[in-house]
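Residues per chain, in single letters:
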Amino acid sequence: MNIQNPTLDRAPEDTEARAALELLRAWARRASAEQLAGLDPALRSLAEPAVSYPAFSREYPADFIVDPEYRAELPDLQNGPASLILGAREQIQHVGISNFRLPIRFHRRDGADLTLETSVTGTVSLEAEKKGINMSRIMRSFYTHSERTFSFEVIEGALDDYKSDLESLDARIQMRFSFPVKMTSLRSGLEGYQYYDIALELVESDGQRQKIMHLDYVYSSTCPCSLELSEHARSARGQLATPHSQRSVARISVALVPDGPCMWFEDLIEACRRAVPTETQVMVKREDEQAFAELNAANPIFVEDAVRLFCEQLQRDPRIGDFRVVASHQESLHSHDAVSMLVQGDTFASGSIDPRLFPSMFHVG
């Protein structure tokens, strides 16, 4: 015979549930670790003591004003004592911020000005006994000078300010932007803007300052071997054949001679064009496309030829000291690229190559 207790199906009252919970927690306070471990996980979570939180305000205090006394009380871990340093207590060569952007006004060689969105990277060295730096000071220092038309003297002013503010020995500023130049097509007279990726650096190390300019120059490279083989097929067998050519990139980095004449962006661009005249075109009609094919046939180059041709032009400019030329011919024949690098001077000398250097030279039109 089944006997049912009608109270088993009844939902407990709130007071009964709270009493049962308090009984469980009272038992848990006296229970051993083994007893607690043997509880069902759901019961074990209920047995833990309740945590009470203060009643925080959930409204944003729009009218709150920070006075000097309050600001002085704010924690500042980055300027804390050396005891807070994590890891090896060693000097850090570069620490700072990268890719903060702002409009900068640049001079053109013809005297006109233009404003370009510029990505700025600013770093300083950090001594072994210092925890960190206040990175916002780098931005504040640069903004102080950002309204002035660009020159390396403007960068030096910003660098002087944040070196002083952060009490650092070495510092570096790098500015990256895309510089437009109006180009005329080879035969039709059409015009369009070519954009050049340029970066400027001011580097101070051991009390010495260097001014460095980087330029990516994009051109077409026709393989001399493929050209000769194509001509052989035509002459020997009457077989139509075309040489392979491809979009190619040279990354030119030059250290400017101290106190030398101004090196305009246009000057470096034109030096590249003299070295390798097969620069990619902006606006073309059929006559321009034919002209470009003729220009490529007149200037076939291997990647080794390219870096030597650029080198020849850089050596002729008295404003340029040390330099590095990196070329990447992004092959249409092979599934890989052909690359080369030529370095003169100690500034860019290195036994190691950044693993991402050559992949970073891919330019999307």
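Before reading on, note that the structure itself is shown above.
No experiment lies behind these values; they were computed from the predicted model shown.

A. Main features of the overall build of the chain. Per the secondary structure count, the chain includes ten helices and eight strands. Computed over the C-alpha atoms, the radius of gyration of the chain is 34 Å, more than 25% above the 21 Å expected from 2.2 N^0.38 for a compact globule of 365 residues. Judged by the C-alpha coordinates and their principal axes, the chain covers about 110 × 70 × 40 Å. Looking at the chain as a whole, 38% of its 365 residues are labelled buried.

B. Spatial organisation of the pattern of salt bridges. Taken as a whole and assessed by the stated rule, the structure comprises 18 salt bridges. Its salt-bridge partner being Arg 89, residue Glu 129 comes within 3.5 Å of it at the nearest N-O pair. You can see Glu 129 sitting in the loop between strand 2 (113-126) and helix 5 (136-145) and its partner Arg 89 sitting in the loop between helix 4 (68-73) and strand 1 (92-107), a full 40 residues away along the chain. For Asp 160, the salt bridge is made with Arg 209, and the minimal N-O distance between the two is 2.3 Å.

C. Representation of a nonpolar patch on the surface. On the surface, Phe 64, Val 66, Tyr 70 and Leu 74 cluster together into a nonpolar patch covering about 350 Å² of accessible area. One can find Val 66 in the loop between helix 3 (41-47) and helix 4.

D. Structural detail: the packing of helix 8 (residues 265-275) against helix 10 (residues 303-315). Two numbers describe how helix 8 lies on helix 10: the axes approach to 8 Å, and their chain directions differ by 135°. Taken as axis vectors, helix 8 and helix 10 run oblique relative to one another. As helix 8 runs across helix 10, the sense of the crossing is right-handed. Residues Leu 268, Ala 271, Cys 272, Arg 274 and Ala 275 of helix 8 form the contact with helix 10, whose own contacting residues are Leu 309, Phe 310, Gln 313 and Leu 314. In terms of residue class, the contact of helix 8 with helix 10 is made up of seven nonpolar, one polar and one charged.

E. Looking closely at the packing of helix 5 against helix 6 (residues 152-166). The geometry of helix 5 relative to helix 6 is characterised by a closest axis approach of 9 Å and an angle of 145° between their N-to-C directions. Crossing hand, helix 5 versus helix 6: right-handed. Contacts between helix 5 and helix 6 involve Arg 137, Ile 138, Ser 141, Phe 142 and His 145 from the first element and Val 154, Gly 157, Ala 158, Asp 161, Tyr 162, Asp 165 and Leu 166 from the second. Counted by class, the contact of helix 5 with helix 6 contains six nonpolar, three polar and three charged residues.

F. Representation of the sheet that holds strand 2. Spatially, eight strands are ordered 1-2-3-4-5-6-7-8 in an open sheet, and the strand pairing comes out antiparallel. Edge positions in the sheet fall to strand 1 and strand 8 (338-344), since each has one partner strand and no second. The sheet shows a mean angle of 15° between the axes of neighbouring strands, direction not considered. Relative to strand 5 (residues 208-222), strand 4 (residues 191-205) runs antiparallel, the two being bridged by eight bridges. Looking across to strand 5, one finds that Glu 204 is bridged to Arg 209.

G. Region of interest: the nonpolar core. Of all hydrophobic cores here, the largest spans 60 residues; its most connected members are Phe 106 and Phe 310. Looking at this core element by element, the count peaks at seven residues for strand 3 (residues 171-184). Contact partners of Phe 310, with chain neighbours within four places excluded, come to Tyr 217, Tyr 219, Ala 250, Ile 252, Cys 272, Ala 275, Val 276 and Val 325. Counting five residues, the second largest nonpolar core, distinct from the first, contains Val 218, Val 249, Val 326 and Leu 357.

H. Expanded view of the pairing of strand 1. Bridging between strand 1 and strand 2 involves twelve bridges; their strand directions are antiparallel. If you follow Arg 105 over to strand 2, its bridge partner there is Thr 115. Here strand 1 folds back onto strand 2 in antiparallel fashion, the turn holding five residues, of which Gly 111 has a positive phi close to 100°.

I. Representation of helix 8. Of all eleven residues in helix 8, eight are buried, a share of seventy percent or more. Taken together, the buried positions of helix 8 are Phe 265, Glu 266, Asp 267, Leu 268, Ile 269, Ala 271, Cys 272 and Ala 275. Looking at the buried residues of helix 8, the elements they touch are strand 1, strand 3, strand 4, strand 5, strand 6 (245-256) and helix 10.

Calculation rules
Residues numbered from 1 in each chain as written. Predicted model: local features only at pLDDT ≥ 70, side-chain atom pairs only at ≥ 80, totals over all residues. Heavy atoms only, no water. Helix = DSSP H or I, 4+ residues; strand = E, 2+ residues; numbered from the N terminus. Rg over C-alpha atoms; globule rule 2.2 N^0.38 Å. Buried < 20%, exposed > 50% of the residue type's maximum accessible area, 1.4 Å probe, protein only. Salt bridge = Lys/Arg side-chain N within 4 Å of Asp/Glu carboxyl O. Patch = residues over 30% accessible without salt bridge, like charges linked within 9 Å, V, L, I, M, F, W, Y side chains within 5 Å. Areas by Shrake-Rupley, 256 points an atom, 1.4 Å probe, with all protein chains shown as cover. Axes fitted to C-alpha atoms, helices over the stretch in contact; angles between N-to-C directions. Parallel < 35°, antiparallel > 145°, perpendicular 65-115°, else oblique. Left-handed = near helix turned anticlockwise from the far one by under 90°. Contact = heavy atoms within 4.5 Å. Nonpolar A, V, L, I, M, F, W, Y, C, P; charged D, E, K, R; others polar. Pairing = 2+ DSSP bridges. Core = buried A, V, L, I, M, F, W, Y, C linked by side-chain atoms within 4.5 Å.

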